[in-house]
Amino acid sequence: MSTLSSEKDTNAAADNYRNFIEEIIEQEIADGKNEKRVLTRFPPEPNGYLHIGHAKSICLNFGLAKKYKGLCNLRFDDTNPTKEDVEYVDSIMEDVKWLGFEWNEEPRYASDYFEQIYQWSEMLINKGLAYVCEMTAEEISASRGTPTIPGKASPWRNRPSAESLDLFHRMRAGEFPDGKYLLRAKIDMGSPNMHMRDPALYRIRHAHHHRTGNKWCIYPMYDWAHGQSDYIEGITHSICTLEFEVHRTLYDWFLDQIVEGNYRPRQIEFARLNLTYTLMSKRLLQDLVQCQIVDGWNDPRMPTISGLRRRGYTPESIRNFAERVGVAKRENVINVALLEFCLREDLNKKAPRVMAVLDPLKLVITNYPEGKTEYMIAENNQDDEHAGTREMPFSREIYIERDDFMENPSKKFFRLCPGGEVRLKNAYIIKCEEVIKDAAGNISEVHCSYDVNTRSGSENSNKKVKGTLHWVSIPQALSMEVRLYDRLFMDEDPADVEEGKTYLDNLNPNSIRIINAFIEPSVKNAKAGDIFQFQRLGYFCVDSKYSKEGKPVFNRTVTLKDHWTKKNE
RNA sequence: UGUCCGAUGGUGUAACGGUAGCACUGCAGAUUUUGAUUCUGCCUGCCCAGGUUCGAAUCCUGGUCGGACAACCA
């Protein structure tokens, strides 16, 4: 985690600012609660891939631990075997590590605590605080009432403890089919809080669990496992998202039944991350994968950590983003532009510059000797003196970007136009002499002359021209696959759809465009994950899935900020 | 017609009874061999009504609006 300390914390470092969770923690430390210890946890259910929303939670939990010299556990909340899988366990560990965090000791699993939770359940039964119910799921649902109408007691509510205990043992022993019996807490069917109306504790599920195999056929519910796991691990601050606010009363009620001594975990809720143009629902993301609308969980258009990683995002940029969005309790929708800003900010420092032409227009320098090749010196990153330089071949025939030429330029266009002069970056100043068109009238070539005295770096190179273009020399250019991504959804809130439509109607049909581009030869042996700035175009990374030795495939991570084309749209 | 939570520029987030600040976005300009970066400047804000106070975004009361909660999901 050494990389973390070298970073500037935009918010946290700023003088005395504390978010509301930090204020709570500091108050508790001041009060001497839980022996002034801080132990947080990141508790995903292994039923899908982590996304940028989880990244906020990860940064929060691990960040708090670091800030208060505590630790953070990684715990898999694996109490529902039908939805979970080791595939997800593995990806979650990989993603947390990639983000730059180290969890305390080994990963934990709620399933490690099944026996203890079972024992506590027996205790509840013995205390008359739990009973085995025989109603069907439908009956229970109907008897629970509504937020404004109290529920009705189960006919089994006053079943003698001994009988419930016997039934509970036999549930565990596998004597009954799924759904036959349910262990319920006996709390208050009239509570205004729906979660207090005799919530389910244990259900029968004859299913293979990814860790416990077939050892268990009864599984505890979230509410009767999460706080208990927190307690077992010694968690001090159990931080979760806002939708669990109404669970807190239950969380505390369960704790009341099992806590011995002074230590006690505390649940604190914060507002989850929402991003414009981005789907943040695990279920809907899973749909995209299953319907093959995207190329797996790590498709570069996905907001998953693995998708962002493949797209070219850096851990630093994501951590910094998490810092900037802040932590509070009000619902929020962050502009995805902030994420992209954090990305560019980081990539600008790190990415070596190269030249590539995505949409080529042939340019012939008519007064340049045929067959001649010069090697131009190019800085790898002019903002980084340690980045060094490289040589770029230059010759009579080059490609420039089609956008960079206009036959009838608008007044503020300062790229190449008939009779106009521009600089070829790291090379010469050229002047457009002639426009060549094909039979259909399309521009097929541009013929220019060059000024031999204007070579970059030479004494006479100080001549000023308004425009500077990137280019590649045709004979040496590499033709390579480049994947241009755009946002997956056209609507700012993809899940908010009108009647009769689904979020799929919001899909951007142009979210991926695969082209062949011409790139300078220096990138030939780039490896998966390598990042570059294609000058004047954007940041690109070598794709980890489709690249081959000596044949990289590039993903456009993000475009450069561009006030010019924006204005002209 | 319940319980809980929330409300500060376009979007986020500060202020802890004493000048409403910061970031992103947007706009304008300077610099620039990337129309990038960098640097300047600007635009927009305390949900409403009462009350307490010398003084309220902040405390109190009452509204209004928004969100969460009725899986044997987490």
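You'll find the structure just up there.
Just so it is clear, the structure is predicted and the values come from calculations on it, not from any experiment.

Draft legend 1. Geometry of the packing of helix H5 (residues 114-126) against helix H7 (residues 161-173). Contact geometry of H5 with H7 gives a least axis separation of 9 Å together with a crossing angle of 160°. Considered as vectors, H5 and H7 are oriented roughly antiparallel to each other. The segment H5 lies against H7, with Glu115, Tyr118, Ser121, Glu122, Ile125 and Asn126 engaging Ser161, Ser164, Leu165, Phe168, His169 and Arg172.

Draft legend 2. View of the pairing of strand E24 (residues 538-542). Along E24, five of the five residues are buried, which leaves the element largely enclosed by surrounding structure. Pairing of strand E23 (residues 531-534) with E24, which is carried by four bridges, proceeds in the antiparallel orientation. Looking across to E24, one finds that phenylalanine 534 is bridged to glycine 538. Turn length for the E23-E24 hairpin, with the two strands adjacent in sequence and antiparallel, is three residues, and the turn residue arginine 536 shows positive phi of about 70°. By the bridge criterion, five bridges tie E24 to strand E25 (residues 554-559) in an arrangement that is antiparallel. In the sheet register, valine 542 faces E25, and the bridge partner there is phenylalanine 554.

Draft legend 3. Broad picture of the packing of aromatic side chains. For the structure shown, the criterion picks out 26 aromatic pairs. A ring pair is formed by tryptophan 120 and tyrosine 231, whose centres lie 6.2 Å apart and whose planes are at 55°; its orientation type is tilted. Taken together, the residues span a long stretch of sequence, with tryptophan 120 in helix H5 and tyrosine 231 in helix H8 (residues 226-233) at a distance of 111 residues. A residue is classified by how much of its surface remains accessible, and tryptophan 120, at 11% relative accessible area, is buried. Classification of tyrosine 231 as buried rests on a relative accessible area of 15%.

Draft legend 4. The arrangement of the sheet that holds strand E2 (residues 71-76) in detail. Read from one edge of the open sheet, three strands run E1-E2-E3, paired in parallel fashion. Edge positions in the sheet fall to strand E1 (39-42) and strand E3 (108-109), since each of these pairs with one other strand and no more. Taken together, the four bridges between E1 and E2 define a ladder with parallel strand orientation. Each residue of the ladder has a partner; that of phenylalanine 42, found in E2, is leucine 74. Helix H4 (residues 86-98) contacts E1, E2 and E3 of the sheet and is inclined by roughly 160° relative to E2. Contacting E1, E2 and E3, H8 runs over the sheet at an angle of about 140° to E2.

Draft legend 5. Structural context of the sheet that holds strand E6 (residues 200-204). Here we have four strands laid out as an open sheet, ordered E4-E5-E6-E7, and antiparallel in their pairing. The open sheet has two edge strands with one neighbour each: strand E4 (130-133) and strand E7 (218-220). Neighbour-to-neighbour, the strand axes of this sheet turn through a mean angle of 20°, independent of strand direction. Taken together, the four bridges between E4 and strand E5 (residues 182-185) define a ladder with antiparallel strand orientation. Within E5, the residue paired with tyrosine 131 across the bridge is arginine 184. The sheet contacts of H7 involve E4, E5, E6 and E7, and relative to E4 the element is tilted by about 65°.

Draft legend 6. Looking closely at the side chain of threonine 304. Relative to the elements of secondary structure, threonine 304 occurs in the loop between helix H10 (282-290) and helix H11 (305-311). Assessed through its relative accessible area of 0%, threonine 304 is described here as buried. Engagement of the side chain of threonine 304 in a polar contact is seen with the backbone oxygen of tryptophan 297, the distance being 2.6 Å. Residues contacting threonine 304, with those up to four places away along its chain left out, are Tyr49, Leu50, His51, Trp297 and Asn298.

Draft legend 7. Fine view of the side chain of serine 473. Counting through the fold element by element, serine 473 comes out in strand E20 (residues 472-473). A relative accessible area of 4% places serine 473 in the buried class. Here serine 395 takes part through its side chain, which lies 2.7 Å from a polar atom of the side chain of serine 473. At 2.4 Å, the side chain of serine 473 and the side chain of glutamine 476 are in polar contact. Excluding anything up to four places from it in sequence, serine 473 contacts Pro393, Phe394, Ser395, Glu397 and Ile398.

Each value, and the rule that gives it
- Residues numbered from 1 in each chain as written.
- Chains lettered and ligands numbered in written order.
- Predicted model: local features only at pLDDT ≥ 70, side-chain atom pairs only at ≥ 80, totals over all residues.
- Heavy atoms only, no water.
- Axes fitted to C-alpha atoms, helices over the stretch in contact; angles between N-to-C directions.
- Helix = DSSP H or I, 4+ residues; strand = E, 2+ residues; numbered from the N terminus.
- Parallel < 35°, antiparallel > 145°, perpendicular 65-115°, else oblique.
- Contact = heavy atoms within 4.5 Å.
- Buried < 20%, exposed > 50% of the residue type's maximum accessible area, 1.4 Å probe, protein only.
- Pairing = 2+ DSSP bridges.
- Phe/Tyr/Trp six-rings, centres within 6.5 Å; stacked < 30°, edge-to-face > 60°.
- Polar contact = N/O pair within 3.5 Å; in protein donor to acceptor, adjacent residues only side chain to side chain.

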